[in-house]
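Below, each chain spelled out in residue letters.
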Amino acid sequence: MPKIVDHDERRREVLSAAGRVIVRDGIDAATTRAIAKEAGYSNGVLAHYFADKDEILLSALRQSHERIRARLTGKVTDAGGPGGSALAALRELLLDNLPLDDERARETRLEVSFWSRSLASERLAGVQRAEADELRAAVRDLLGRARAAGELRNGADELDDHAEHLLALMDGLSLHLLLYPERLTRADAGRVMLRALDRL
């Protein structure tokens, strides 16, 4: 009897393997050979599911974004739901995007690994920009809802600036946590972000 292959599961396994290689060894080390070895498949299996290495990398990034989005949706909905507040939901969103535990540190390493490559690839840059736009829209929306509920002291005309400041702080803290762990702890980063929110 022929073996039944779950093609979706196999694709997910390959993408998870690609993510592990990128996080552990860097994006330049994520060759099709290295990804296939990590996944326990032949190069031919990869070629069956993906057109080329760029498609694998792009799909691995999208898979990570989908996982983050699903986790965030639950946290933000819980915090901003009945009895909650937009500011509490914003707090959850910003803290969840910092590498404050091992899972989020891996996600951040994966994300950051794509930044320099995106500068040379319009295709990758397009995915990065779309995801960044979605995150910015969520931050801006929560700021607007917090302002309407009287949770913020500042005027509505400053909300775009606040959104950019919080997103830049999030990116900067994430990089500092990865690059300078002896100087900045996870607790430090969370405290700095919460203080920035408190100032609003």
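See above for the structure.
Now for a look at the structure at hand. Note that the structure is a prediction, hence the values are computed from the model and not measured.

Topic: the nonpolar core
Okay, step 1: In this structure, Leu-90, Leu-93, Leu-94, Val-139, Leu-143, Leu-166 and Met-193 are the most contacted members of the largest nonpolar core, which totals 33 residues.
Okay, step 2: Of all the secondary-structure elements, those providing two or more residues to this core are helix H4 (53–80), helix H5 (86–96), helix H7 (122–148), helix H8 (159–179) and helix H9 (186–198).
Okay, step 3: Ignoring sequence-local partners within four residues, the contact set of Leu-143 consists of Leu-90, Leu-152, Leu-159, His-162, Ala-163, Leu-166 and Leu-200.
Okay, step 4: Ranked by size, the runner-up nonpolar core spans 23 residues in total, among them Ala-18, Ala-30, Ala-36 and Val-45.

Things to note about the pattern of salt bridges
Okay, step 1: If you walk through the whole model with that rule in mind, you get 19 salt bridges.
Okay, step 2: Of the charged contacts, one joins Glu-38 and Arg-24 as a salt bridge, the two residues approaching to 2.9 Å between their closest N and O atoms. Residue Glu-38 is found in helix H2 (residues 32–39), and its partner Arg-24 is found in helix H1 (residues 7–25); the two are separated by 14 residues along the sequence.
Okay, step 3: For the salt bridge of Asp-141 with Arg-145, the shortest nitrogen-to-oxygen distance reads 3.5 Å. Taken together, the residues Asp-141 and Arg-145, both in helix H7 and four residues apart, mark about one turn of the helix.
Okay, step 4: By relative accessible area, Asp-141 is classed as partly exposed at 42%.
Okay, step 5: Of the residues examined, Arg-145 reaches a relative accessible area of 40% and is grouped as partly exposed.

How each quantity is defined
Along each chain, residues carry numbers from 1 onward, in the same order as the chain's sequence is written. Local features in this predicted model are restricted to residues of pLDDT 70 or higher, and side-chain atom pairs are both shown and tallied only at a pLDDT of 80 or more, whereas totals for entire chains, interfaces and linings draw on every residue. Heavy atoms from the whole structure form the basis of all side-chain values; hydrogens and water molecules are not counted. For this analysis, a nonpolar core means a set of buried residues of the types Ala, Val, Leu, Ile, Met, Phe, Trp, Tyr and Cys, connected via side-chain atoms within 4.5 Å. Summary of the burial criterion: residues with accessible area below 20% of their type's maximum are buried, those above 50% are exposed, and those between are partly exposed, where the area comes from a 1.4 Å probe applied to protein chains only. Numbering of helices and strands runs from the N terminus; a helix is a DSSP stretch of H or I covering at least four residues, while a strand is a stretch of E covering at least two. Every residue pair with non-hydrogen atoms within 4.5 Å of one another is taken to be in contact. Every case where a carboxyl oxygen of Asp or Glu lies within 4 Å of a side-chain nitrogen of Lys or Arg is listed as a salt bridge.

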